[in-house]
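Residue-level structural notes
Here's the letter readout for the chains.
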Amino acid sequence: MVTMAEINDATAARAAEREEVLTKARAAKAAAPVLATLPTPDKDALLRDAAEQLVSRADEVLAANAEDIEAGRGAGMSESLIDRLSLDKKRIDAIADGLHQVAGLSDPIGEVIQGRTMSNGIRMRQVRVPLGVMGMVYEARPNVTVDAFGLALKSGNVALLRGSKSARATNEKLVEILQDVVVSRGLPREIVQLLPCETHESVQDLITARGLVDVVIPRGSARLIRSEEHTSELQ
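Anyway, here's the lowdown on the structure attached to this text. Values in this document were obtained by computation on a predicted structure and should not be read as measured data.

What counts, and where the lines are drawn
Residue numbers here run from 1 along each chain, matching the order of that chain's written sequence. With the structure being a predicted model, the display of local features is reserved for residues of pLDDT at least 70 and the display and counting of side-chain atom pairs for 80 or more, all residues being used for whole-chain, interface and lining totals. Based on all heavy atoms of the structure, the side-chain values leave hydrogens and waters out of the count. Note on geometry: axes are C-alpha line fits, over the in-contact stretch for helices, and angles between N-to-C directions span 0 to 180 degrees. Here a helix means four or more residues in a row that DSSP labels H or I, a strand means two or more in a row labelled E, and each is numbered from the N terminus. By the definition adopted for this analysis, an angle is roughly parallel if under 35 degrees, roughly antiparallel if over 145, roughly perpendicular if from 65 to 115, and oblique otherwise. In what follows, a contact means two residues having at least one pair of non-hydrogen atoms within 4.5 Å. Amino acid classes used here: Ala, Val, Leu, Ile, Met, Phe, Trp, Tyr, Cys and Pro are nonpolar; Asp, Glu, Lys and Arg are charged; the rest, including Gly, are polar. Under the convention used throughout, the expected extent of a helix is 1.5 Å for every residue step, that is, one less than its residue count. Per-residue accessibility, obtained with a 1.4 Å probe over protein chains only, is compared with the maximum for each type, and a residue is labelled buried under 20%, exposed over 50%, and partly exposed between these values. The arc in question is the one traced by the directions running from the helix axis out to the C-beta atoms. Here the term patch refers to residues with relative accessible area over 30% and no salt bridge, with like charges joined within 9 Å and nonpolar side chains (Val, Leu, Ile, Met, Phe, Trp, Tyr) within 5 Å. What sets the accessible areas is the Shrake-Rupley method with a 1.4 Å probe; for residues, cover comes only from the shown protein chains. Salt bridge, as applied in this entry: a Lys or Arg side-chain nitrogen positioned within 4 Å of an Asp or Glu carboxyl oxygen.

1. Let's talk about the packing of helix H5 (residues 89–103) against helix H6 (residues 143–154)
Two numbers describe how H5 lies on H6: the axes approach to 10 Å, and their chain directions differ by 10°. What the angle tells us is that H5 and H6 run roughly parallel. Contacts between H5 and H6 involve Ile95, Leu99, Val102 and Ala103 on the former and, on the latter, Asn143, Val146, Phe149, Gly150, Leu151 and Lys154. When the residues that make up the contact of H5 with H6 are grouped by side-chain class, the tally is seven nonpolar, two polar and one charged.

2. Overview of the environment of Asp49
For Asp49, the position within the fold is in helix H2 (residues 40–56). Expressed as a C-alpha distance, the spacing of Asp49 and Ala12, which sit 37 residues apart in the sequence, is 40 Å. Not counting residues up to four positions away in its chain, the partners in contact with Asp49 are Val181 and Arg185.

3. Regarding helix H3 (residues 58–74)
Between the first and last C-alpha of H3 there are 24 Å, a value that for 17 residues agrees with the 24 Å anticipated at 1.5 Å per step. Turning to H3, its buried residues are Ala58, Val61, Ala64, Asn65, Asp68, Ile69 and Gly72. Around the axis of H3, the buried residues are gathered within 145° of arc, so they sit on the same side. Seen from the open side of H3, the exposed residues pointing more than 90 degrees away from its buried face are Asp59, Glu67, Glu70, Ala71 and Gly74. The inward-facing, buried residues of H3 contact H2, helix H4 (79–85), H5 and helix H7 (168–184). Looking one or two places after H3, you find Gly76, whose phi comes out positive at around 85°.

4. With respect to a nonpolar patch on the surface
Side chains of Val112, Val127 and Val129 sit close together on the surface and give an oily, nonpolar patch of about 220 Å² of accessible area. With respect to the secondary-structure elements, Val127 resides in strand S2 (residues 123–127). Residue class for Val127 comes out partly exposed when judged on its relative accessible area of 32%.

5. Overview of the pattern of salt bridges
Per the stated rule, a full pass over the model turns up 20 salt bridges. Measuring nitrogen to oxygen at the nearest pair gives 3.3 Å for the salt bridge that ties Arg26 to Glu19. Judged by relative accessible area, Arg26 falls into the partly exposed class, the value being 41%. Residue Glu19 is classed as partly exposed on the basis of its relative accessible area, which comes to 40%. Across the pair Glu176 and Arg57 runs a salt bridge, and its minimum N-O distance is 3.1 Å. Placement of the pair is Glu176 in helix H7 and Arg57 in the loop between H2 and H3, with a sequence separation of 119 residues. Classification of Glu176 by relative accessible area gives partly exposed; the value is 32%.

6. Describing the environment of Leu206
Tracing the backbone through its elements, the reader meets Leu206 in helix H8 (residues 201–207). Expressed as a C-alpha distance, the spacing of Leu206 and Ala27, which sit 179 residues apart in the sequence, is 13 Å. With near-sequence residues (within four places) excluded, Leu206 lies in contact with Val21, Gly135, Val137, Leu160, Arg162, Leu195, Val213 and Val216.

7. Remarks on the environment of Val21
Mapped onto the elements, Val21 comes out in helix H1 (residues 4–36). What makes Val21 buried here is its relative accessible area of 1%. Distance in space between the C-alpha atoms of Val21 and Asp205 is 6.6 Å, their sequence separation being 184 residues. With near-sequence residues (within four places) excluded, Val21 lies in contact with Leu195, Pro196, Ser202, Asp205 and Leu206.

8. Focus: H2
Look at H2: 24 Å from first C-alpha to last across 17 residues, which is about the 24 Å you get at 1.5 Å a residue. Among the residues of H2, Lys43, Asp44, Leu46, Leu47, Ala50, Ala51 and Leu54 are the ones counted as buried. Projection of H2 onto a plane perpendicular to its axis shows the buried side chains occupying an angular sector of 160°, all on one side. Exposed and facing more than 90 degrees away from the buried side of H2 are Pro41 and Ser56. Residues of H2 that are buried sit in contact with H3, H5, H6 and H7.

Here you go:
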């Protein structure tokens, strides 16, 4: 039987989780203008620095990943899911290489998609600009944490990452490393943040943070995508 004290504790924990999501979303919104105007060479240098730091701090990442794997096995996670969760130095090298590849891409910001001159002489152009704050919801693959950061940064967007509870320790370490690189470049650490993952309601908090989050992208199984589509339709 559930006691009133347990109900009160659960209610307080849920309120704290929601407030954490909204607090981080506000901080992301405040940091968005800084990233939106960051020059391409600075973005690319930051991406390359992040890649180098991931490789040099691989032992820290692997130690955190081992915690998640141990917890997953203890919870009866299937070996196929354990494999998706698992990292080794080869996989970390591949994640870092992905950041180098993103750094080598052309910058989409400022690209003129189309334009024309009107009869009165006014020239109109359709230009690519950052969205602002990008939320990403994903499952047990910790590589997505870095992939999402890289693509968001290159396109001038702040990343709010909501990963799987099963990869919590790994994701926390990855984001810690990315934030260290961001700060070393004189930028707000809020350019990339990890959201709480204790309950699924934190996803709803992210999706419904209107005026703070500009787009939310689900990445993962068809079940995850259908769930987030359904949630967004209800808001």
